Every structure is written in C-alpha cells, then in structure tokens.
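The primary structure of each chain is shown beneath.
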Amino acid sequence: VQEKLVAAERMASLGTLAAGVAHEINNPLSYTLSNLNFMEDELSAMAGSGEGLQGARGQEVREALKEALSGGQRVVDIVKDLKTFSRGSDEQRGPVDIQAVLDLCGNMAWSEIRHRARLVKDYGGVPPVQANESRLGQLFLNLLINAAQAIPHGDVAGNEIHVSTRYEEGQVVVAVRDTGVGIPEENLDKLFHAFFTTKPAGVGTGLGLSICHGIITELGGRIAVQSEPGKGTTFQVFLPVHPLPLGEGGG
Ligand code: ADP
Ligand code: MG
C-alpha cells in the first residue's frame, strides 16, 4: 500500500510539473511559431516577386524553415498532451459504468472512426469499477483513436473496430480490436514509452499509450497487446473490481 501511495503522489507531482512546464513553454513557442510563419510567408513573396532568395540557396532556407515549423508543431502537440496528462491525476474516484464511458468515447472518436471502419460493440454486462471517470475516458479514447488511425482513411468496407467488455476472475476486461496496419514485432516493447510514435507531427506525439499505462497502473490493472502486421491489433485492458466494504450496497 505504501508503495502505491508513493507512486500515486509521484504521478500527482508529475502532473503539477507537467502543467507548469506546459504553461511556460506555450508563450515562447507561440511567438517562435508566429515569427517562423511570418518569415515563410515573406520569403515566398520575395521569391515570387524576384526580390531575392531564388535558386538553390533560397530553396534551402525555405526547407529549413519548413522543418523548424514542423518541429514547432510537434512541440505544440506535446504540450497539449501534457496538459491532458496533468489534468485530474488527483481527482476523486467512484464507481464507474465502463460501458457508458465506452459509448461516450465512441461518440467522441466518431469523426476519426467514421471514414475508416464500422464500430462494433459487444458488451457483456460488467460491474462498475472504482476509478476516476474522466481518466478512464482518456484511456479508452486514446485506444479508440489509435485503432482508427491504424486504418487508412476512406477504406470503411471490411474494416472494423471492435470494442468488447467481459468479466473475468474479479476483473473487468475491455478489448479494443482493429483491422489496421498492425504493429511490427520490434516496436511492441516500445509502445508504452513516452514519445514513441510512428506518426507525423500534427497526428501523434507518442504520449497516448504512456498516459494509458499510467492510468491503468494507478488502478492496479494491466494492459496487453497482440498484433499481426497487415491484419490488425488488439489491446486488452484488465481492471480489478474491488468489492464494496461490508454494509454498503449489499442486497
Ligand atoms: P501516438 O498515437 O501519438 O503516436 P501512442 O502512444 O498512442 O502515440 O502510440 C504509440 C505508437 O504505437 C503509435 O505511433 C503507433 O505506431 C503504435 N500504435 C498504437 N496503437 C496502435 C494500433 N491500434 N495499431 C497500430 N499501431 C498502433
Ligand atoms: Mg495515440
């Protein structure tokens, strides 16, 4: 118990730190990006009107600017994710209806899902889990968006994101299965590391699964992944159900 408390405190202070860092980074980052944007616009205009920076050197400068802008965009995305991460790590827990949370996440991710796959739900009645509802929402939203992003846009036919729940030996098990690109074997043990991503700036930061891992660990659960490249991926989340103390909620 002591160890868990220390871990939870560490999470909370990490959250506070992340919020502070995110705030401090936002200001200088936004003027850096707006200056870079300005320079890019000016250079294009100058090249267009023959005032300078045409030719190979001009092209190099414009490419350097483009890289700086996409690097900056990545930092913007990361700061946004850090803010989400910092939110609510010390919020209260209560009994949460997992299926209601999954429905909500499905709706929130619908704009990502609708052009890629059918969303199929297969809920086996499960008991509530003692957790923080919005943290659980973050967790499943991340998994659903990852599932959607693994499937090519516009390819709905034959593609499926399958969300199921079941109860097994004191645990609620939520499985999110997709028919996406899959995960190469050599990436499997890096998935939960912060900042591991195979997505371009503006799409992914590599923080999603590390946040998921944190949320699940806080609840004493675990996450497992199975994947077949070219076929699809299944993430399974196992969350312990703590029985209510005697005298509460009984028959
Ligand atoms: P992000 O989505 O921002 O890249 P995540 O931590 O959520 O960060 O995921 C890390 C990486 O794991 C992704 O970039 C992707 O390569 C891989 N991944 C996660 N979920 C899936 C999935 N359902 N199918 C295929 N690859 C996935
Ligand atoms: Mg993600």
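Structure: see above.
Residues numbered from 1 in each chain as written. Chains lettered and ligands numbered in written order. Predicted model: local features only at pLDDT ≥ 70, side-chain atom pairs only at ≥ 80, totals over all residues.

### Examining the sheet that holds strand β5 (residues 171–178)
- Strand order in the open sheet formed by five strands is β2-β4-β5-β7-β6, and the pairing between neighbours is mixed. Taken across any chain shown, the strands that pair with only one partner, and hence form the sheet edges, are β2 (118–123) and β6 (222–228). For this sheet, the mean inter-axis angle between neighbouring strands, taken without regard to orientation, is 15°.
- In terms of strand pairing, β2 meets strand β4 (residues 160–168) through six bridges, oriented parallel. Pairing of L119 across the sheet is with I161, part of β4.
- Strand contacts of helix α3 (residues 98–108): β2, β4 and β5, with the helix running at about 170° to β4, the strand carrying the most contacts. (Pairing = 2+ DSSP bridges. Helix = DSSP H or I, 4+ residues; strand = E, 2+ residues; numbered from the N terminus. Axes fitted to C-alpha atoms, helices over the stretch in contact; angles between N-to-C directions. Contact = placed C-beta atoms within 7 Å.)

### Structural notes on the nonpolar core
- The biggest cluster of nonpolar side chains holds 37 residues, and the ones touching the most others in it are F140, L143, L144, A148 and C212.
- Residue assignment for this core shows that the elements contributing at least two residues are α3, β3 (129–131), α5 (133–149), β4, β5, α6 (208–218) and β7 (232–240).
- When sequence neighbours within four positions are dropped, the list of residues in contact with C212 reads L139, N142, L143 and I223. (Core = buried A, V, L, I, M, F, W, Y, C linked by C-beta atoms within 7 Å. Buried ≥ 20, exposed ≤ 12 C-beta atoms within 10 Å, placed from the backbone.)

### What about the pairing of β4?
- Where β4 meets β5, eight bridges bridge the pair, whose relative direction is antiparallel. When the sheet's bridge partners are listed, I161 is paired in β5 with D178.

### Focus on the site of ligand 1
- Around ligand 1, the structure places 22 residues, and the nearest of them are A150, T197, G204, G208 and L209.
- Among the elements of the structure, α5 and α6 are those that each provide at least two residues to the shell around ligand 1.
- Residues that form the shell around ligand 1 fall into these classes: eight nonpolar, twelve polar and two charged. (Near = placed C-beta within 6 Å. Nonpolar A, V, L, I, M, F, W, Y, C, P; charged D, E, K, R; others polar.)

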